[in-house]
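Chain by chain, the residues run as shown.
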Amino acid sequence: MPRRTNPHRRRALQAIRTLARGADPRAELGRVMFLGRGQHRGAWSVEVTRSEGGRPPCTDTWVAQVPAHPGMADERRFRKESALLRGLQGLRRPFATPMPLGRIPVDDITVTVTRRCTGEPVSPSLPVARAAQVLGTAAAQVHALPTEGLVFPNTAHATARSDAQQGLAELLEIRSIAPALLDDVLAWAQAHLPPSHAPAVLTHGDLLEQNVLVSAQGPTALVDWEMAGLGDPAVDLAIIVRGRGRRRADQGPLRAALLTAYNRQAARPLSAEAVVLHELCMVADEVAWAREADHHAAMQANLAELEALWAGAQAGAVRA
């Protein structure tokens, strides 16, 4: 049987070939390597050798990010992500970001091409203290950047408080499942909202270990900015805790180590309660998804997790 060609891999190669040979018709392309697949797109890399302006040939690795399917909402977000990356290139920052090279239409979708950053993703097997140091430092560095003139793929909130208040909508959505519990959780969350004067900051929105590349040869690199926005800095830390602390027993030590690393560098320190507030909203979203999918067992398990997380917060067990 003839070998089937992955259409997304083909689109990745076609986009990189079009962009590279548009600048240098004699550009040479190496093998296509699959890097990974996220919720909305997959990524492939290709080594590109080309000459510019009579200079000797140079080889770079380019990355093509191919959306899983066409869609105007995703298209707008990816276009804004490219604009944000261009803006970040103009800022002095202690971390690297992908350099946007172009957006190439292939078939019925648009492929984003960037220059690949050096480094390897933070390993899931890295000890908690070391992982927290890398991830907490990265979060603090992102939140310290000036935001004037930047384009945000995700929501731009006026203050950190307005971001957190929007998160409470996730709790309100599931209130009918367990009114007594959710009323208590909502009261606790309202009491731990960020101060009204706390400014919104640039948030990465997906600061998971696979999006943080470490290298002995250069600075840490942060990739995959499609969920970046302007909001509460605590949301980035909550995403790390939920993403890396897959077991409940791991979440407390990770949160404490993360806050220690973050607060050592951040201009505005965060409390454990500020992070847990967003964790509660994320678990509430998982409850809502399970209910919509009619997965009763998953809904009950997520509801139990929400109750345990809130009980620990109420008892002060979440404090770093």
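What you see is a predicted model; the values in this text were computed from it and never measured.

K.L.:
Honestly, the packing of helix 3 (residues 128-143) against helix 6 (residues 234-244) in this entry has me stumped. Any pointers?
P.N.:
Helices that pack against each other are described as a pair by the angle of their axes relative to one another and the distance between those axes. Taken N-terminus to C-terminus, the directions of helix 3 and helix 6 make an angle of 155°; their axes are 10 Å apart at the nearest point. When the axes of helix 3 and helix 6 are compared, the pair comes out roughly antiparallel. Regarding helix 3 and helix 6, the two cross each other, and that crossing is right-handed. Here Ala 131, Leu 135, Ala 139 and His 143 of helix 3 come into contact with helix 6, specifically with Asp 236, Leu 237, Ile 240 and Arg 244. Tallied by class, the residues present in the contact of helix 3 with helix 6 amount to five nonpolar, one polar and two charged.

K.L.:
Is there a simple way to explain the packing of aromatic side chains in this structure?
P.N.:
Given two aromatic rings, one states the distance between the centres and the angle between the planes to describe the pair. A full pass over the atoms with the stated rule returns two aromatic pairs. Aromatic side chains Phe 34 and Trp 44 sit 5.2 Å apart centroid to centroid with 55° between the ring planes, which places their arrangement in the tilted category. Here Phe 34, found in strand 1 (residues 28-37), pairs with Trp 44, found in strand 2 (residues 41-50); they are ten residues apart in sequence, far enough to count as distant. Aromatic side chains Phe 95 and Trp 225 sit 6.2 Å apart centroid to centroid with 20° between the ring planes, which places their arrangement in the stacked category. One end of the pair, Phe 95, is in the loop between helix 2 (72-89) and strand 4 (99-106); the other, Trp 225, is in the loop between strand 9 (221-222) and strand 10 (229-231), and 130 residues separate them in sequence.

K.L.:
I'm lost on the pairing of strand 5 (residues 109-115) in this one. Help?
P.N.:
Every other side chain in a regular strand lies on the same face of the sheet, so the side chains alternate between the two faces. Taking burial as the measure, the seven residues of strand 5 include six buried ones, the bulk of the element. Alignment of strand 3 (residues 58-67) against strand 5, held across four bridges, turns out to be antiparallel. Each bridged residue has a counterpart across the sheet, and for Val 63 the counterpart in strand 5 is Thr 114. Sheet topology places strand 4 next to strand 5; seven bridges connect them, and they run antiparallel. Bridge pairing in strand 5 links Pro 100 to Thr 114. With antiparallel pairing between neighbouring strands as the criterion, strand 4 and strand 5 make up a hairpin whose turn holds two residues, including Asp 107 at a positive phi of roughly 55°.

K.L.:
Explain the state of the cysteines here, please?
P.N.:
By definition, a disulfide is the covalent link that joins the sulfur atoms of two cysteine residues. In the structure shown here, the tally under the stated rule is zero disulfides. We note that Cys 58 lacks a disulfide partner, and the nearest cysteine sulfur, in Cys 117, lies 16 Å from it. Given the relative accessible area of 38%, Cys 58 is considered partly exposed.

K.L.:
Where do I start with the environment of Leu 85 in this structure?
P.N.:
Structurally, Leu 85 can be placed in helix 2. Exposure remark for Leu 85: the relative accessible area of 4% places this residue in the buried category. Sequence-distant contacts of Leu 85, that is, excluding residues within four places in its chain, are made with Thr 97, Pro 98, Pro 100, Thr 114 and Trp 225.

K.L.:
Looking at this model, I keep getting lost on the sheet that holds strand 1. Mind explaining?
P.N.:
The antiparallel open sheet is built from five strands, whose spatial order is 1-2-3-5-4. At either end of the open sheet lies a strand with only one pairing partner, and these are strand 1 and strand 4. Between one strand axis and the next, the sheet turns through 25° on average, direction left out of account. The pairing of strand 1 with strand 2 spans seven bridges and is antiparallel. Bridged to Phe 34 within strand 2 is Trp 44.

Cut-offs used in this document
Residues numbered from 1 in each chain as written. Predicted model: local features only at pLDDT ≥ 70, side-chain atom pairs only at ≥ 80, totals over all residues. Heavy atoms only, no water. Axes fitted to C-alpha atoms, helices over the stretch in contact; angles between N-to-C directions. Helix = DSSP H or I, 4+ residues; strand = E, 2+ residues; numbered from the N terminus. Parallel < 35°, antiparallel > 145°, perpendicular 65-115°, else oblique. Left-handed = near helix turned anticlockwise from the far one by under 90°. Contact = heavy atoms within 4.5 Å. Nonpolar A, V, L, I, M, F, W, Y, C, P; charged D, E, K, R; others polar. Phe/Tyr/Trp six-rings, centres within 6.5 Å; stacked < 30°, edge-to-face > 60°. Buried < 20%, exposed > 50% of the residue type's maximum accessible area, 1.4 Å probe, protein only. Pairing = 2+ DSSP bridges. Disulfide = S-S within 2.5 Å.

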